[in-house]
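# A look at the structure
One-letter residues, chain by chain:
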Amino acid sequence: MTLKHRVETTLAPAPLPQFSQGVRKGPLLQVAGQVGVDPATGEYVGDDVGSQTLQVLKNINAIIEAGGGTFDDVISLRVYLRDSGDFAAMNTAYDAFVPAHTPSGVLPARTTVVVGFAVPQIAVEIDAFAALAG
């Protein structure tokens, strides 16, 4: 039986006590939903969806690397937007990051939904699922 273990890094925002940044079991890694917080400052990078999307993807990448993988190992991403009007700006930021970090050329599957956030500074949240080598 493969044990599961918590994946943590200081290169992504610390999680609340109720969950882990990531959990790995065998080659599978689930990254908890990340928001646009700079781990160095603990502050939101801005209130616009573009800058938050880039920070979220950097946070996800840091957790995947801490788990022993690369962004190219990501199978799927789930994007949660504050406002449907943010879709184009999120996509622009997403397109600036994801293809550049996916050298295989196989982009992750993606789901995007519009939700309400309890914290008004959050413009976007993204979680990731990856299958890592070894």
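Residues numbered from 1 in each chain as written. Predicted model: local features only at pLDDT ≥ 70, side-chain atom pairs only at ≥ 80, totals over all residues. Heavy atoms only, no water.

## Some words on the side chain of Gln52
Formally: Counting from the N terminus, the helices are the DSSP runs of H or I reaching at least four residues and the strands are the DSSP runs of E reaching at least two. Accessibility here uses a 1.4 Å probe with only protein chains present; expressed as a share of the type maximum, an area under 20% marks a residue as buried, one over 50% as exposed, and anything in between as partly exposed. Pairs of N or O atoms within 3.5 Å make up the polar contacts considered here, provided that, within protein, one atom can donate a hydrogen while the other can accept it, and that residues adjacent in sequence are counted only when both atoms are side-chain atoms. Contacts are assigned to residue pairs that have any heavy atoms within 4.5 Å of one another.
Within the secondary structure, Gln52 is located in helix α1 (residues 49-66). Of the residues examined, Gln52 reaches a relative accessible area of 0% and is grouped as buried. A polar contact is formed between the side chain of Gln52 and the backbone nitrogen of Ala123, at a distance of 2.8 Å. When sequence neighbours within four positions are dropped, the list of residues in contact with Gln52 reads Gly36, Tyr44, Val45, Gly46, Asp47, Gln121, Ile122, Ala123 and Val124.

## Concerning helix α2 (residues 87-97)
The following threshold applies: Directions are taken from the helix axis to each C-beta atom, and the arc is the one they span.
When α2 is considered as a whole, its buried residues turn out to be Met90, Ala93, Tyr94 and Phe97. With its buried residues spanning 105° around the axis, α2 presents them on a single face. Residues of α2 that are exposed and point over 90 degrees away from its buried face: Ala88, Thr92 and Ala96.

## Remarks on the side chain of Thr9
Mapped onto the secondary structure, Thr9 falls in the loop between β1 (4-7) and β2 (22-25). Residue Thr9 is classed as buried on the basis of its relative accessible area of 18%. Of the polar contacts made by the side chain of Thr9, one reaches the backbone nitrogen of Leu11; its length is 3.0 Å. Beyond its immediate chain neighbours, meaning those up to four positions away, Thr9 contacts Gln21, Ala62, Ile63 and Ala66.

## Section: the nonpolar core
Basically, it comes down to this: Think of a nonpolar core as a cluster: buried Ala, Val, Leu, Ile, Met, Phe, Trp, Tyr and Cys residues, connected wherever their side-chain atoms sit within 4.5 Å.
Counting residues in hydrophobic clusters, the biggest one holds 25 residues, and the most contacted among them are Ile60, Ile64, Phe71, Leu77, Val124 and Ile126. Counting residues per element, the ones that place at least two in this core are β3 (28-35), α1, β6 (74-81), α2 and β8 (124-131).

## Brief notes about α1
As a reminder, the rule being used: The length a helix should cover is 1.5 Å for every residue beyond the first.
Between its terminal C-alpha atoms α1 stretches 25 Å, which fits the 26 Å expected from 18 residues at 1.5 Å a residue. Counting buried positions over the 18 residues of α1 gives 13, a clear majority of the element. Residue Gly68 follows α1 closely and has a positive phi angle near 100°.

## Remarks on the sheet that holds β2
Sheets are built from strands paired through backbone hydrogen bonds, the pairs being either parallel or antiparallel. Applicable threshold: Strand pairing is assigned whenever DSSP identifies at least 2 bridges connecting the two strands. Axis geometry follows a simple rule: fit a line to the C-alpha atoms, using only the stretch in contact for helices, then measure angles between N-to-C directions, giving values from 0 to 180 degrees.
Taken together, the 6 strands give an open sheet; going across it, the order is β1-β2-β3-β8-β6-β7, and neighbouring strands pair in mixed fashion. Strands at the two margins of the open sheet, each flanked by one partner only, are β1 and β7 (109-114). For this sheet, the mean angle separating the axes of adjacent strands, direction not counted, is 15°. The pairing of β2 with β3 spans 4 bridges and is antiparallel.

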